[in-house]
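Structure at a glance
What follows is the residue order along each chain.
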Amino acid sequence: ADIEHFSEQTRSSAPNSGRNSRINLLSPVSKNQALRPHSMWDEKMERDLDDLTEKMVNSFKGHDTEEEENINNSKTDFGSCEACQKEIKDKSVIADGKKFHPECFKCEVCQTKLLDKYYIVDGKYYCEEHKKIGLTSCHECGEKIEGTIITSNQNKFHSHCFVCSTCSKPLDGKYYTTAEGHNMCEKCYKNSRERCDHCTLPIMNQILTALDKKYHPDCFRCALCDIQLDGIPFILDEKCINCRDCYVKFKATQCFVCSQGIVSSPGQKIAMVTCEGRNYHEQCFTCVSCGCGLSDSGFRSVRNSVFCANCSTPNKIKLVYNNKNKLVS
């Protein structure tokens, strides 16, 4: 057989099948040369060429298989189209982190394919012509908001429309919303509030109403013990407000018999009986001899004591005072 001499080995990248080996061969030697007896050098060269050929064939096969596997394993998974939910096999459009077929990425209104410039409003996609259809309207002026949106109590505003309803200054810091839905700066809101009858400062939060006046809950206190009166019974004495306990102890009319203040309780009206300049609880105005009530019957007053008609005899009166003297002595 003819002997062929290998001159070089190169690898080039093919677009579809990976790397291929190309072997350039020189022309076969002449027949006379081939028939010439092999020298030792020729035999050694032949063995080397056989080994090289085998290695190159094996290398050729191995690289080709590896490249096919790499190509098969490198197929990109594009996922599913957000619009049609079908698989994306080749090209995809990514918008707002979502994938679409190029033909599925359309304007919400006119269904025109969105190529370069598009707008996202509330998760929907619009072209330049129809972008305002999906925009939010300003609560103040009614126009569409294309730039920054300010939200207050679920209402949307242009930044330049979000102003104090009283002084018209921009609300770029602390603001208040009234029950009527008006937004006000802190200064105007304070000026619009009720003022506390005690400290005269504006009441910003909870208002306590008592005696047709407005108070901070913390300002409505007893004039004597300074206890806060929110939810506690109180009594007005001229211009002073007192808790019931202080009023009963220090200001109320005292009963001649029990020495306690004569003051009504919540839900219970207490009547006061006056006799010869002395004041009594109704239940304390009783006969000193037999103990019967005297508010609805005749009585007799003798030396700061009262007797019913039956006990107002001289003997019984004398007996009562003798017993009192014994108790004193």
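Nothing here was measured: the structure is a model prediction, and the numbers come from that model. (Residues numbered from 1 in each chain as written. Predicted model: local features only at pLDDT ≥ 70, side-chain atom pairs only at ≥ 80, totals over all residues. Heavy atoms only, no water.)

Attention shifts here to the state of the cysteines. One pass over the structure, following the stated rule, counts zero disulfides. Cysteine C219 shares no disulfide, and the gap to the nearest cysteine sulfur, in C199, comes to 3.9 Å. The closest cysteine sulfur to the non-disulfide-bonded C287 is located on C308, 3.8 Å from its own sulfur. Judged by relative accessible area, which is 3%, C287 ranks as buried. (Disulfide = S-S within 2.5 Å. Buried < 20%, exposed > 50% of the residue type's maximum accessible area, 1.4 Å probe, protein only.)

The next point concerns the pairing of strand β17 (residues 299-302). By the bridge criterion, four bridges tie β17 to strand β18 (residues 305-308) in an arrangement that is antiparallel. Pairing of F299 across the sheet is with C308, part of β18. Hairpin connection, β17 to β18: the antiparallel pair is bridged by two residues, and R303 has positive phi, about 45 degrees. (Pairing = 2+ DSSP bridges. Helix = DSSP H or I, 4+ residues; strand = E, 2+ residues; numbered from the N terminus.)

The subject of this paragraph is the nonpolar core. Among the nonpolar cores identified, the biggest contains 14 residues, and F285, C287, L294 and F307 are the most heavily contacted of them. Elements with a minimum of two residues in this core: β15 (272-275), β18 and α5 (314-328). Apart from the residues within four sequence positions on either side, L294 is in contact with F285, T286, C287, F299, V306, F307 and C308. Formed by 13 residues, the second largest nonpolar core is a distinct cluster that contains C138, C164, M184 and M204. (Core = buried A, V, L, I, M, F, W, Y, C linked by side-chain atoms within 4.5 Å. Contact = heavy atoms within 4.5 Å.)

What follows covers the environment of S289. For S289, the location among the structural elements is in the loop between β16 (278-281) and β17. Here S289 falls in the partly exposed class, since its relative accessible area comes to 35%. In the structure, S289 is positioned 32 residues away from Y321 in sequence and 9.9 Å away in space, judged by C-alpha atoms. Those residues within four positions of S289 in sequence are excluded, and the remaining contacts are F307, C311 and V320.

What follows deals with a nonpolar patch on the surface. Residues L211, F234 and L236 make up a contiguous nonpolar surface patch of about 240 Å² in total accessible area. Within the fold, L211 resides in the loop between β11 (208-210) and β12 (213-215). On the basis of relative accessible area, L211 is assigned to the partly exposed category, the value being 40%. (Patch = residues over 30% accessible without salt bridge, like charges linked within 9 Å, V, L, I, M, F, W, Y side chains within 5 Å. Areas by Shrake-Rupley, 256 points an atom, 1.4 Å probe, with all protein chains shown as cover. Salt bridge = Lys/Arg side-chain N within 4 Å of Asp/Glu carboxyl O.)

With that settled, consider unusual backbone geometry. For T200, which is not glycine, the phi torsion reads 70 degrees and is therefore positive. Along the polypeptide, T200 turns up in the loop between α3 (186-192) and β11. Located in the positive-phi region is E276, a residue other than glycine, with phi close to 55 degrees. Note that E276 resides in the loop between β15 and β16.

This part takes up the environment of I94. Assignment of secondary structure puts I94 in strand β3 (residues 93-95). Taking the relative accessible area as the measure of exposure, I94 reaches 55% and is therefore exposed. With 13 residues separating them along the chain, I94 and C81 place their C-alpha atoms 9.7 Å apart. When residues no more than four places from it in sequence are discounted, the contact partners of I94 are K99 and Y118.

Per-chain confidence: the protein averages 77 in pLDDT, with 76% of residues scoring 70 or above. For the protein, the element scoring lowest by mean pLDDT is strand β1 (residues 6-14), at 33; β12 scores highest, at 93. Scored below 50 in pLDDT, residues 1-41 shows 51 contacts in the model against residues more than four places distant or in partner chains. Counting interchain partners and residues more than four positions distant, the pLDDT-below-50 stretch residues 60-74 has 12 contacts. (pLDDT = per-residue confidence, 0-100.)

Residues C246, Y247 and V248 constitute the buried set of helix α4 (residues 244-251). Summarising the contacts, the buried residues of α4 are in contact with β13 (234-237) and β14 (240-243).

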